[in-house]
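# Per-entry structural report
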Amino acid sequence: MKLLLIEDNPAMQTTLQRSFQRRGIQVVVCGEGRRALDRWAASVPDVVLLDLSLPDVDGLDVLAQARQRGYTTPVLILTARGTVGDRVLGLNTGADDYLAKPFDLDELDARIRALARRSGHAAPAPEFCGLRIDADSGAVYHQGVPMDLSPRESALLRGLLAQPGQAVSKERLFELVFPGDVQAQAEAIEVVVYRLRKRLAATGAQLVTLRGLGYLLKG
């Protein structure tokens, strides 16, 4: 599933992006209302998460313009404006759901997945060599048995399972495993690869290093 996050607060961007990527959701971030519609059209998201208090354009204006252009992607408004009047205005402008800040991440995740299911955008969980990701929890299973993986190992495996048998660049996997972590060194991904490779030894799946290309899962 791909989520377009329209939110200008850097801390909130990092928190949500990290949380959703750990749950197997690809996140595209946009912090400006004027760029939001272009990113919307270019990224083709399954769900849009929209903050109303953007620095340049009100989020409701972004939503209204999107609906005028015929964009039918489900939209969940996430904002500090939580009065009944605010919610009614948002829904009447074209939102599909509304959640006031502060919020619970599990509830937000459940609402996003519900929107994707109702709109028919929910993608089947990828499976390879008996490895499967639970679409709701983000947990990884092998032959129906949950695997004991660290959050970073899970993020790495999800990135590889999205393209089984195909090379995934080291840079892309680094973004998935260390989202927003400015302290992490580029070589840190190799440590996670080493640990995950050991975890996969009994599954029949091989984590192969392709020099200059990245890594791939091989059956």
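Small disclaimer: the values here were computed from a predicted structure and weren't measured. (Residues numbered from 1 in each chain as written. Predicted model: local features only at pLDDT ≥ 70, side-chain atom pairs only at ≥ 80, totals over all residues. Heavy atoms only, no water.)

### Side note on the pairing of strand β1 (residues 2–6)
Burial analysis of β1 places four of its five residues in the buried class, the great majority of the element. Looking at chain direction, β1 and strand β2 (residues 26–30) are connected through five bridges and run parallel. Looking at β2, one finds that I6 is bridged to C30. You can see the chain leave β1, run along helix α1 (residues 10–22) and come back into β2, and the turn it takes is right-handed. Two strands pair when backbone bridges link them, and β1 and strand β3 (residues 47–50) are joined in this way by four bridges, in the parallel orientation. Pairing of I6 across the sheet is with L50, part of β3. (Buried < 20%, exposed > 50% of the residue type's maximum accessible area, 1.4 Å probe, protein only. Helix = DSSP H or I, 4+ residues; strand = E, 2+ residues; numbered from the N terminus. Pairing = 2+ DSSP bridges. Right-handed = clockwise from strand over helix to strand, strands pointing away.)

### Considering the pairing of strand β10 (residues 206–210)
Where β10 meets strand β11 (residues 214–218), five bridges bridge the pair, whose relative direction is antiparallel. Considered in β11, the bridge of L207 is made with L217. Between β10 and β11, which follow one another and run antiparallel, lie three residues, and G212 among them has a positive phi close to 85°.

### Section: unusual backbone geometry
A cis geometry characterises the amide bond from K101 onward to P102, with omega recorded as -5°. You can see P102 is positioned in the loop between β5 (97–100) and α5 (105–119). The backbone phi angle of C129 is positive, close to 55°, even though this residue is not glycine. Tracing the chain through its elements places C129 in the loop between β6 (127–128) and β7 (131–133). On the accessibility criterion, C129 (28% relative accessible area) is partly exposed.

### A look at the packing of α1 against α5
Viewed as axis vectors pointing N to C, α1 and α5 meet at an angle of 65°, and their least axial separation amounts to 11 Å. For the crossing formed where α1 meets α5, the hand is right-handed. Within the contact between the two elements, α1 uses L16, S19 and F20 and α5 uses L105, L108, D109 and I112. Here the contact of α1 with α5 is composed, by residue class, of five nonpolar, one polar and one charged. (Axes fitted to C-alpha atoms, helices over the stretch in contact; angles between N-to-C directions. Left-handed = near helix turned anticlockwise from the far one by under 90°. Contact = heavy atoms within 4.5 Å. Nonpolar A, V, L, I, M, F, W, Y, C, P; charged D, E, K, R; others polar.)

### Quick look at the environment of S154
Here S154 lies in helix α6 (residues 151–161). Note: C-alpha distance between S154 and V192 (38 residues apart in sequence) is 9.8 Å. Beyond its immediate stretch of four places on either side in the chain, S154 contacts V140 and L149.

### Remarks on the packing of helix α7 (residues 170–177) against helix α8 (residues 188–199)
Interaxial distance between α7 and α8 falls to 10 Å at its minimum, and their mutual angle equals 85°. Accordingly, the angle class assigned to the pair α7 and α8 is roughly perpendicular. On α8, the residues that touch K170, L173, F174 and V177 of α7 are I189, E190 and V192. Each residue belonging to the contact of α7 with α8 can be placed in one class, and the counts come to five nonpolar, no polar and two charged. (Parallel < 35°, antiparallel > 145°, perpendicular 65-115°, else oblique.)

### Side note on the nonpolar core
Ranked by size, the top nonpolar core spans 27 residues in total, and within it L156, L157 and L160 carry the most contacts. Contributions of two or more residues to this core are made by β7, α6, α7, α8 and β11. For this core, the element with the highest residue contribution is α6, accounting for five residues. For L156, the contacting residues outside a window of four places in its chain are L173, V177, I189, V192, V193, L196 and L207. (Core = buried A, V, L, I, M, F, W, Y, C linked by side-chain atoms within 4.5 Å.)

### A closer look at the confidence of the model for the protein
Residues at a pLDDT of 70 or more form 95% of the protein, whose mean pLDDT is 86. Mean pLDDT in the protein bottoms out at β6, which sits at 76, and peaks at β3, which reaches 95. (pLDDT = per-residue confidence, 0-100.)

### Here we look at the pattern of salt bridges
In total, this model carries 13 salt bridges according to the counting rule given. Among the salt bridges present, the one from D97 reaches R111, with a minimum N-O distance of 2.8 Å. Residue D97 is found in strand β5, and its partner R111 is found in helix α5; the two are separated by 14 residues along the sequence. When salt bridges that share partners are traced, they join R23, D106, D109 and R113 into one network. (Salt bridge = Lys/Arg side-chain N within 4 Å of Asp/Glu carboxyl O.)

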